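# Observations on the model geometry
Residue strings, one per chain:
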Amino acid sequence: MDRRDILKTLGLATIGTALLPFGNLAKGATSDFGANENGSLPSRRKLGKSLEVSSIGLGVQNMSRTYQTTIPNRKEMHRIIQKAFDKGVTLFDTAEAYDPFECEKILGEATSSFRNNIVIETKYGWNIDQETGNRLPGLNSKPEHIKLVVEGMLKRLKTDRIDLLYQHRVDPEVPIEDVVGAIQDLIKEGKVLHYGLSEPGVETVRRAHKIYPVTAIQNEYSLLWRGPEKKIIPLCEELGIGFVPWSPLGVGFLTGAIDENTHFAQGDIRGNETRFSPENIQQNLKLVKVLKDWSVKKEATPAQISLAWLLHQKPWIVPIPGTTQMSNMLDNIGADKIKFTNTEFKEFNTVIDAVKIAGERLPPFVQQFSDVEAPLKK
């Protein structure tokens, strides 16, 4: 869920308007991917056992409203999505909760002409009225609600199937066995091809995977936030699950867009993250200094260095940086060409490991929705 909107859901507007074995790509897909300007295709990766996607995807979370709360030009957002496809991007990420329904609509509008050549992933799980789009308190992964949500997603995305459907956050009131049962029904109907979980508890992933293979886990992961390295990434490696990092550029911080002089707009969730507070940002800017030094060394941008680091970690990691700027999208997908030698990677990690990040990634009332375990089925 858009973290600005989580804050709304929790009634805290005053302090911020807070991954099926069908072969290549989606059902009916072809191998005719867009080429980049020099004629070469970007590399591919697999999520889970069989879902093949571009090594870097595109997140459309902010395409209806940016972190700064501005409203982007809708036609320009379409152009960015279409240009990304032309450049070889095949993984596009959205969710029903992003400005409820609007980002799914934007993605559906932009991709209808090449729908069979891409993978669309979206997410359910917040308690959103399917008629009005109004946010209700808490979460909702009741099986009947999931199926209702998917019907709306199909219409908004102008498609007959969801390639990769995530539970956005684990519902503490619904056994994961019931959730996966609903997903299996949708898979049998052809409305969902693969499924995953976002920010889940480890045991919930194990329970889900025993019933039906999980294709991907989507968690925040970047040089700024490395929490998944403790349990989730090892779990993905053990079970053969793909990993899709959201916010791989640290909500813009790793690009150099935020410094000690940055003033966040009212409603910008980043203004409530203590990692960007005046007492912590000077320490954390040491990481950006490392990125800028290495960007000179590798003839790349700090964003490209950050994404290349993620890509070098594991062959089944696929970041989904979001942007509302054409130049940033082109820069981000260019990270696929930035390679570390083993010696360089060791040297780089030694330097970044020495930078201790100060502050928390999320306020406690938002963080409480991560690492949750589903209740046991009685």
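Residues numbered from 1 in each chain as written. Predicted model: local features only at pLDDT ≥ 70, side-chain atom pairs only at ≥ 80, totals over all residues. Heavy atoms only, no water.

## Structural notes on unusual backbone geometry
The residue Phe101 is not glycine, and still its phi comes out positive at about 80 degrees. Relative to the assigned elements, Phe101 resides in the loop between strand E4 (91-93) and helix H3 (102-111). Overall, the relative accessible area of 9% leaves Phe101 in the buried class. A positive phi angle, close to 55 degrees, is found at Ser247, a residue other than glycine. Tracing the sequence through the fold places Ser247 in the loop between strand E11 (242-246) and helix H8 (278-298). The exposure class of Ser247 is buried, given its relative accessible area of 12%. (Helix = DSSP H or I, 4+ residues; strand = E, 2+ residues; numbered from the N terminus. Buried < 20%, exposed > 50% of the residue type's maximum accessible area, 1.4 Å probe, protein only.)

## Examining the confidence of the model for the chain
Per-residue confidence for the chain gives a mean pLDDT of 90, with 89% of residues at or over 70. Throughout residues 1-40 the model reports pLDDT below 50, and contacts reaching past four residues in sequence, or to other chains, amount to 144 contacts. (pLDDT = per-residue confidence, 0-100. Contact = heavy atoms within 4.5 Å.)

## Notes on the pairing of E11
With 5 of 5 residues buried, E11 is to be regarded as a mostly interior element. Of the two faces of E11, both are covered, the one formed by Gly242, Val244 and Trp246 as well as the one formed by Phe243 and Pro245. Crossover handedness for the path strand E10 (residues 216-220) to helix H7 (residues 232-239) to E11: right-handed. (Right-handed = clockwise from strand over helix to strand, strands pointing away.)

## Points about the sheet that holds strand E5 (residues 119-124)
The strand order across the open sheet formed by 7 strands is E3-E4-E5-E8-E9-E10-E11, and the pairing between neighbours is parallel. This sheet does not close on itself; its edge strands, each paired only once, are strand E3 (58-59) and E11. (Pairing = 2+ DSSP bridges.)

## What about the environment of Glu102?
As for its placement among the helices and strands, Glu102 is situated in helix H3. Overall, the relative accessible area of 24% leaves Glu102 in the partly exposed class. Each residue touching Glu102, except ones within four places of it in the same chain, is listed here: Ser64 and Arg74. Polar side-chain contacts of Glu102 include one of 3.1 Å to the side chain of Arg74. (Polar contact = N/O pair within 3.5 Å; in protein donor to acceptor, adjacent residues only side chain to side chain.)

## Considering the pattern of salt bridges
One pass over the structure, following the stated rule, counts 29 salt bridges. As a salt-bridge pair, Arg361 and Glu199 come within 2.7 Å of each other at their nearest N and O atoms. Taken together, the residues span a long stretch of sequence, with Arg361 in the loop between helix H11 (342-353) and helix H12 (364-367) and Glu199 in the loop between strand E9 (192-198) and helix H6 (202-211) at a distance of 162 residues. On the basis of relative accessible area, Arg361 is assigned to the buried category, the value being 5%. The buried category is assigned to Glu199, whose relative accessible area is 1%. (Salt bridge = Lys/Arg side-chain N within 4 Å of Asp/Glu carboxyl O.)

## A short note on the layout of surface pockets
Of the pockets and cavities examined, the largest pocket occupies roughly 870 Å³. Taken together, 43 residues make up the lining of the largest pocket; nearest its centre are Asn62, Tyr67, Val251, Gly252 and Gly322. Tallying contributions element by element places helix H10 (residues 326-333) first for the lining of the largest pocket, with 3 residues. Class assignment for the residues of the lining of the largest pocket results in 16 nonpolar, 21 polar and 6 charged. What the second largest pocket holds in volume is close to 370 Å³. Lining of the second largest pocket is provided by 17 residues; of these, Leu224, Trp225, Arg226, Gly227 and Ile357 occupy positions nearest its centre. Residue composition of the lining of the second largest pocket, by class: 7 nonpolar, 2 polar and 8 charged. (1 Å grid on protein atoms, 1.4 Å probe; cavity = no way out; pocket = protein on both sides within 12 Å on 5 of 7 lines; lining within 4 Å. Points joined across faces, edges and corners; volume = space filled by probe spheres on them. Nonpolar A, V, L, I, M, F, W, Y, C, P; charged D, E, K, R; others polar.)

## Describing the packing of aromatic side chains
For the structure on display, the rule yields 11 aromatic pairs. Counting every residue linked through ring pairs, the aromatic cluster contains Trp294, Phe340, Phe345 and Phe348. It is Lys297 that lies over the ring of Trp294; its NZ or CZ is 4.1 Å from the centre. (Phe/Tyr/Trp six-rings, centres within 6.5 Å; stacked < 30°, edge-to-face > 60°. Lys NZ or Arg CZ within 6 Å of the ring centre and 35° of its normal.)

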